[in-house]
Amino acid sequence: MAVEILKEKYRSTVGEVVLGATKDQGGTRSHTITVGGEGALPYLHFEGSIPNRPVVALEVWDMVPAEWDPLFEKYYGDVWSDPGTWAKKCVDEFGAEMIQIRLKGADPDLKGASVDDCIGAVKKVLEAVGVPLIVVGCGKPEVDNTLYAPIAEAAAGENLLMGVAELENYKAVTSACMANQHNIIAQSPIDINICKQLNILIAEMSTAMANRIIIDPTIAALGYGIEYSYSIMERARNGALQGDKMLAMPMIGNVGLESWRAKEANQPEAGEPSWGEQEERGILWEATTAMAYLQSGINIMVLRHPETLKVVKANIDDLMKDNSY
Amino acid sequence: MIIIGERINGMFKDIARAIKDRDPVPVQEWARKQEHNGAHYLDINVGPSSPDAVGAMTWLVEVAQEASKLPLCLDSTKYDAIEAGLKICKQPAMINSVPAEMAKMERVFAMAAEYGAEVIGLAMNEEGIPKDADSRIALAAELVAVADGFGISPDMLYIDPLVLPCNVAQDHGTEVLRTLREIKLISDPAPKTVVGLSNVSQGTKNRELINRTFAVMAMANGLDAGIVDANDDELMEAIASARIIMNMDIYCDSYVDVFMQRNR
């Protein structure tokens, strides 16, 4: 007798979000990228459709990232004084599918860059590369709230992904995205309840924005609470597939930033000889973190090391191979 | 819990008048209102006083579908009226209802199989409503078995254990709750369960309080669906809260709004 294989049936799908806009669509990108749309848990192609590949981005700053580990100088040292050239190298040489420009320079304690400086940095990246862009502030809400509207306006038509919106501070960035039709990163502190609530609040400001949200559940690096982020993302994705519209958004994570904060990635070999060679160890730390999040359904990963990007892309190629039967 | 909005029923004076005058306004208003407040199905009942049940049902189904996209729960003891409704339903409907009496089961299950409809099966037969849980479960098992003979999967079946007013038959309360739990053991997949919620409070004061208290107790015992007053906000809030406690929805501060707005 033939064995009937039981397959899970899902009631709903994750929403799709298109990032970037080509000339015909009012922007200047060479192509757009669509994320989301999953009709099953990650890579269970035999249970539902996984229509879009997860995307890997590299991180570019609007200032020299003095706080990064010195080993990055050999990759980015020749370009990191100019965000346009830096972004171009990331795309042309390292194969980044998106660029995240972090306007760290706007932080008054670092460079105190003006709004115009920040617009200039974003424009340089837009001119230098054709991939869709992610734009995030310096991380200080009082500063970032002054940046969102002018940048959103200056890049109107580009269909950016902008962020970040948080529960206590979402109105400025939401309005900026609403007015200029950009997409928004909704960030919650490893908390499914706040994640859902924030999505509801953004959707209450504009129902159209509900289809432009990318969830940033806040991820932790391997060894620093990865299991908490993982289970939150798993819960959100299960909710989405069961029909919870307020959790049915694609997800993004700052894998590079978090992984290269870990002691295990930064400790030179001389300090811990038994841990082995530092750079290889750091790449593994970042790649392992990334691969775990691929399994929890992440759609966009912002990485830092070019070698990690290669490894993760190969992993994505494997995961996207059809395993349906 | 699947909410079946009870309000389009000829027992209510405004709907009875609307049917008599063929005035679609009250019917469509209630269709929209119930959908707006979170109903998943609209119950359609022509009421006892309609001389032409078939004509009235056809008209009600037509006008309700003009106002709302919700699936319908066709509620009548006259099976010709239900069949007339099934013919024009734009999406699979629910038949409300059939008791565990062979002739009626044969008529209704054949019709359900033909139109792909779900069926509410009543845990009663020619002898009336049983007093205890065991007899109710036996009748539920009979409904499941006969439905199966017509190729209807148990999960297309909603068993109504029949709750009686708590001031008349107080001892039935615990029997109904036990029935709800044990019905799930009859088959795999298990049949679903439904109650006509407002029955529990007929003739009492504090009707709404009793309704919503029973609703959450029944949910905790596995109830899948209820024929309820979808415009009783406190009832809907209690159901939304019970869903959170039972881990059926993910909590957020606006969970009540989200539950009520689900169909908007």
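Keep in mind that this is a model prediction, so the values were computed, not measured.

To continue, consider the overall build of chain A. When helices and strands are tallied, chain A shows 11 helices and 10 strands. What you see for chain A is a C-alpha radius of gyration of 19 Å, in line with the 20 Å of a compact globule of 325 residues. By sequence separation, contacts in chain A at least 24 residues apart represent 68% of the contacts at least 6 residues apart.

Bringing the sheet that holds strand β7 (residues 192-196) of chain B into the picture now. All names here are of chain B. Taken together, 8 strands build a closed barrel; the order of strands is β1-β2-β3-β4-β5-β6-β7-β8 and the barrel is parallel. For this sheet the average axis-to-axis angle between neighbouring strands, irrespective of direction, equals 30°. Here β7 runs beside strand β8 (residues 225-228); their pairing, made up of 3 bridges, is parallel. When the bridges of β8 are listed, Val195 appears paired with Gly226.

Here we take up the nonpolar core. Grouped together as the largest cluster of nonpolar side chains are 181 residues, with contacts concentrated most on A:Ala57, A:Ile99, A:Val125, A:Met162, A:Met301, B:Leu60 and B:Val119. Sequence-distant contacts of B:Leu60, defined by excluding residues within four places in its chain, comprise B:Ile8, B:Ile19, B:Val27, B:Ile44 and B:Val46.

Residues and elements named next belong to chain B. At a minimum axis separation of 8 Å, helix α3 (residues 53-67) and helix α4 (residues 79-88) run at an interaxial angle of 30°. Classified by the angle their axes make, α3 and α4 are roughly parallel. For the pair α3 and α4, the sense of crossing is right-handed. Across the interface between the two elements, Ala53, Val54, Met57, Thr58, Val61 and Glu62 of α3 pack against Asp80, Ala81, Ala84, Gly85 and Ile88 of α4. Among the residues forming the contact of α3 with α4, the class breakdown is 7 nonpolar, 2 polar and 2 charged.

We now examine the interface of chain B and chain A. With 7 residues of chain B at the interface, the matching set in chain A holds 10 residues. Residue classes in the side of chain B that touches chain A are distributed as 4 nonpolar, 1 polar and 2 charged.

Moving on to the sheet that holds strand β3 (residues 55-61) of chain A. All names here are of chain A. The 8 strands are arranged β8-β7-β6-β5-β4-β3-β10-β9 in an open sheet whose pairing can be described as parallel. On the outer flanks of this sheet lie β8 (213-216) and β9 (252-253), each paired with one strand and no other. As paired strands, strand β6 (residues 161-165) and strand β7 (residues 183-187) are joined by 3 bridges and run parallel to one another. Bridge assignment links Met162 to a residue of β7, and that residue is Ile184. Here helix α5 (residues 171-180) sits on the sheet and contacts β6 and β7; the angle it forms with β6, its principal contact strand, is near 160°.

What follows covers the confidence of the model for chain B. Per-chain confidence: chain B averages 95 in pLDDT, with 99% of residues scoring 70 or above. Interface confidence for the predicted complex, expressed as ipTM, amounts to 0.82; the pTM equals 0.87.

Definitions and cut-offs
- Residues numbered from 1 in each chain as written.
- Chains lettered and ligands numbered in written order.
- Predicted model: local features only at pLDDT ≥ 70, side-chain atom pairs only at ≥ 80, totals over all residues.
- Helix = DSSP H or I, 4+ residues; strand = E, 2+ residues; numbered from the N terminus.
- Rg over C-alpha atoms; globule rule 2.2 N^0.38 Å.
- Contact = placed C-beta atoms within 7 Å.
- Pairing = 2+ DSSP bridges.
- Axes fitted to C-alpha atoms, helices over the stretch in contact; angles between N-to-C directions.
- Core = buried A, V, L, I, M, F, W, Y, C linked by C-beta atoms within 7 Å.
- Buried ≥ 20, exposed ≤ 12 C-beta atoms within 10 Å, placed from the backbone.
- Parallel < 35°, antiparallel > 145°, perpendicular 65-115°, else oblique.
- Left-handed = near helix turned anticlockwise from the far one by under 90°.
- Nonpolar A, V, L, I, M, F, W, Y, C, P; charged D, E, K, R; others polar.
- pLDDT = per-residue confidence, 0-100.

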